[in-house]
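Chain by chain, the residues run as shown.
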Amino acid sequence: MCWQQHGGSGLAVSMREVMEMTTGDRDWFLARIGQQRSREAKELESSSKRR
């Protein structure tokens, strides 16, 4: 479970850390990462249209 935020530090979780998470926590992180990636994609698209 790795994700690099556009222009930032993002999130990096080791395989061991992922395996130690509860299923609920893992699902929450995956959903949260998906939401953040969508938001960033929209912001990048919006900023490129303003140029």
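Quantities reported herein were computed from a predicted structural model and do not represent experimental measurements. Once a new chain begins, its residue numbering starts again from 1 and follows that chain's sequence as written. Side-chain atom pairs in this predicted model are given and counted only at pLDDT of 80 or more, local residue features only at pLDDT of at least 70, and totals for whole chains, interfaces and linings cover all residues. As a rule here, side-chain values cover all heavy atoms of the structure and leave hydrogens and water aside.

## Quick look at the overall build of the protein
Put simply, the rule reads: Secondary structure follows DSSP: runs of H or I at least 4 residues long count as helices, runs of E at least 2 residues long count as strands, and numbering of each begins at the N terminus. The cut-offs for exposure are 20% and 50% of the maximum accessible area for each residue type, with area from a 1.4 Å probe on protein chains only; residues under the lower value are buried, those over the upper are exposed, and the others partly exposed. Accessibility throughout is a Shrake-Rupley quantity obtained with a 1.4 Å probe, and a residue counts as covered only by protein chains that appear here.
For the protein, the count of helices and strands is two helices and two strands. Out of the 51 residues in the protein, the part that is buried amounts to 14%. As displayed, the protein has an accessible area near 4,300 Å², and 52% of this comes from carbon and sulfur atoms.

## Description of the environment of Leu11
With respect to the element layout, Leu11 can be found in strand 2 (residues 11-12). Along the primary structure Leu11 and Phe29 are separated by 18 residues, whereas in three dimensions their C-alpha atoms are 9.9 Å apart.

## Structural notes on the pattern of salt bridges
As a reminder of what qualifies: In the sections that follow, a salt bridge refers to a side-chain nitrogen of Lys or Arg positioned within 4 Å of a carboxyl oxygen of Asp or Glu.
For the coordinates displayed, the defined rule picks out two salt bridges. The salt bridge partner of Arg16 is Glu20, with a shortest N-O separation of 3.2 Å. With Arg16 and Glu20 both in helix 1 (residues 15-20), this residue pair falls four residues apart, about one helical turn. Like Glu20, Arg16 is exposed. Across the pair Glu45 and Lys49 runs a salt bridge whose closest N-O atoms are separated by 3.2 Å. In this pair, Glu45 and Lys49 are both assigned in helix 2 (residues 23-50), four residues apart and thus about one turn of the helix distant. Residue classification places Lys49 among the exposed positions, given a relative accessible area of 62%.

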